[in-house]
Amino acid sequence: MVQDSLKAGQVAASAAAVGVAFADFLATGGVVTATVTVSNAVFGGALAATDLFASQATRAQKALARDMARALAIHIGNAGHTGQTQKMLSDALAHLPITELDIAEGNRDSATIARNHRNKLAVASLESRYRTATMLDAFENMVAAMLSPIDADTSNPAEKVLLERTAQLTEALKESDGYRRMIDEGITEKAIIRLARRIAEDVEDLGTAWTELENAVGIALRLQQEGAAGTNHDGDFVDRVLARVAELARDGAFDAAGDEIDAALAREEAESAARKLRLIRSGVEAATLARDPDRAAALAVREAEVEGGGPLAFDALRALQDTWHVRGRDLGLSFDLEVAIALANLARDRATDPDQRGNTLNDLGSALAILGERELGTDRLEEAVAAYRAALEQWTRDRVPLDWAMTQMNLGNALQALGTREPGTDRLEQAVAAYRAALEERKRDRVPMQWATTQMNLGNALQALGAREPG
């Protein structure tokens, strides 16, 4: 089971690389080797038949893809095949295109994948001349040569960790009812693996990543159901768009699904609010699956504006930000906190006075601090500290003393979290100073509960500080 999941987790990287290789190979019109030109006329149709063209690759995978294209061209050029043999190899590859699952089942080993493909050709419904020992040998050698660069693609430790995390998520998902429902809805394993990989790449903590994946499964299913629903009052256009979005999402093309929504929205600008909302809400879902918080935030604002019949007021924008913030905080969804951060930045850009700017900076710091405590690094916590300090420049003590004290408290919390992850005592000492500053306004007779909370946090910081000191 673990090995199967690991294979599945490796699919996305391998297939993306091969897809770009094929695309580059066709775009150049062939590669001239020492003896033979490999042309579109020979291999174009065969390569175009594979679903790997739709794969989305990273920069590293594109580099690997170019190596695969070069390996195929060099092999064909040096093999000395006649034009007829090349044509037969092309026919065989068109009949048996190499898919992501083929790569997974072969565990990213070119020889194993080639041998499996040879066995498929041996029983394929082609003329007997395609199944001679000579032809089977030539086909196996061609596939092995084309995929040989994946054998050497083991030098990136970060990629290995990502594949392992993707495999763990995929394995866990296969035991769930959600996985079976996704398969029943026609969502491909390729899409499921891509979804798990995106989340594994985006979220460090495995428990949080699983929570995100469970949430994404529900979204993916809703997207399929919405695409299949169809309504009389919406007309054919929206139904066609949502059916296309569902089709793209089924195959893992989440970004393309979002693009489809964007294009449809451009055409729907003058249509009814009900039709717009249906598109926008599916757009938010697609953006969530694509892990694109900026797009999700922009569409969430647009949804609120359509519902409200006009531009979103500052307080309404903050309320929307709070909705995403609370959901991300309480349900453990890091992506929702990413959207809350994007919304806080939008609100900060719209702020017109120190009170509004202080509010948005405090909101921003809060979302960043929660994410920072969930992640292994310190970048988010550093950003939270910067946001709180910027808020203190807007919420001054002499003008809004209690808001100033609250921000000092939040700053102390972020500094304390940083201090527990770093050597030395500087951050912890800064946290103690922030809590003591907050207590200058959070007095016991004025706000007893807030005074008590601040005293408790001060005690925690002093205890952590004391644990690092000899006295």
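Residues numbered from 1 in each chain as written. Predicted model: local features only at pLDDT ≥ 70, side-chain atom pairs only at ≥ 80, totals over all residues. Heavy atoms only, no water.

Caption draft 1: View of the overall build of the protein. For the protein, the count of helices and strands is 22 helices and two strands. Per-residue burial for the protein yields a buried fraction of 51% across its 471 residues. Counting contacts in the protein only where the partners sit at least 6 residues apart, residues at least 24 apart contribute 69% of the total. For the protein, the exposed area adds up to about 20800 Å²; of that, 51% sits on carbon and sulfur atoms. (Helix = DSSP H or I, 4+ residues; strand = E, 2+ residues; numbered from the N terminus. Buried < 20%, exposed > 50% of the residue type's maximum accessible area, 1.4 Å probe, protein only. Contact = heavy atoms within 4.5 Å. Areas by Shrake-Rupley, 256 points an atom, 1.4 Å probe, with all protein chains shown as cover.)

Caption draft 2: Structural detail: the side chain of T288. Here T288 is to be found in helix α14 (residues 273-289). Looking at T288, its side chain comes within polar contact range of the main-chain oxygen of V284, at 2.8 Å. (Polar contact = N/O pair within 3.5 Å; in protein donor to acceptor, adjacent residues only side chain to side chain.)

Caption draft 3: Geometry of the nonpolar core. M182, L279, L289, W324 and L343 are the most contacted members of the largest nonpolar core, which totals 95 residues. The leading source of residues in this core is helix α17 (residues 334-350), at nine residues. By size, the runner-up hydrophobic cluster in this structure holds 25 residues, among which are M135, L136, A144 and I150. (Core = buried A, V, L, I, M, F, W, Y, C linked by side-chain atoms within 4.5 Å.)

Caption draft 4: Quick peek at the pattern of salt bridges. Throughout the structure, instances matching the rule amount to 26 salt bridges. Between E140 and R118 there is a salt bridge whose closest N-O contact spans 3.0 Å. Residue E140 is located in helix α7 (residues 133-147), and its partner R118 is located in helix α6 (residues 110-122); the two are separated by 22 residues in the primary sequence. A salt bridge links R327 to D336; the shortest N-O distance between them is 2.6 Å. According to the relative accessible area criterion, R327 is partly exposed, its value standing at 31%. Each of R397, E440, E441 and R446 takes part in salt bridges that share partners, so that together they form one network. (Salt bridge = Lys/Arg side-chain N within 4 Å of Asp/Glu carboxyl O.)

Caption draft 5: Looking closely at the confidence of the model for the protein. Taken residue by residue, the protein gives an average pLDDT of 83. The fraction at 70 or more is 82%. Of the regions scoring below 50 in pLDDT, residues 1-42 engages in 110 contacts with residues more than four places distant in sequence or in other chains. (pLDDT = per-residue confidence, 0-100.)

Caption draft 6: Focus on the packing of helix α15 (residues 293-308) against α17. Two elements in contact, α15 and α17, have axes separated by 8 Å at closest approach and are oriented at 65°. The handedness of the crossing between α15 and α17 is right-handed. Mapping the contact onto sequence places P293, D294, A296, A297, V301 and E305 in α15 and F335, E338, V339, A342, L343, L346 and R350 in α17. (Axes fitted to C-alpha atoms, helices over the stretch in contact; angles between N-to-C directions. Left-handed = near helix turned anticlockwise from the far one by under 90°.)

Caption draft 7: Structural view of the environment of D202. Turning to its location among the elements, D202 is positioned in helix α10 (residues 189-202). A polar atom in the side chain of D202 sits 2.8 Å from the side chain of R291.

Caption draft 8: Layout of helix α18 (residues 354-374). The terminal C-alpha atoms of α18, which comprises 21 residues, lie 30 Å apart, in line with the 30 Å expected from a rise of 1.5 Å per residue. You can read the cap of α18 off the contacts: a side-chain oxygen lies 3.0 Å from the backbone nitrogen of D355, and it is on D353. (Expected span 1.5 Å × (residues − 1).)

Caption draft 9: Inspection of unusual backbone geometry at higher detail. A positive phi is found at R291, a non-glycine position, where the angle reads about 60°. Its relative accessible area of 12% is what places R291 among the buried residues.

Caption draft 10: Spotlight on helix α11 (residues 206-229). Taking 1.5 Å of rise per residue, 24 residues should cover 34 Å, and α11 covers 34 Å from first to last C-alpha, within 8% of that figure. The N-capping residue of α11, defined by a side-chain oxygen 3.3 Å from the backbone nitrogen of G207, is D205.

Caption draft 11: Summary view of the packing of helix α16 (residues 314-331) against α18. Interhelical geometry of α16 versus α18 gives an angle of 15° and a closest axis separation of 11 Å. Taken together, α16 and α18 sit at an angle that is classed as roughly parallel. Handedness of the α16/α18 crossing: left-handed. Contacts between α16 and α18 involve F314, R318, Q321, H325, G328 and R329 on the former and, on the latter, Q356, N359, T360, D363, S366, A367, I370 and R374. Tallied by class, the residues present in the contact of α16 with α18 amount to three nonpolar, seven polar and four charged. (Parallel < 35°, antiparallel > 145°, perpendicular 65-115°, else oblique. Nonpolar A, V, L, I, M, F, W, Y, C, P; charged D, E, K, R; others polar.)

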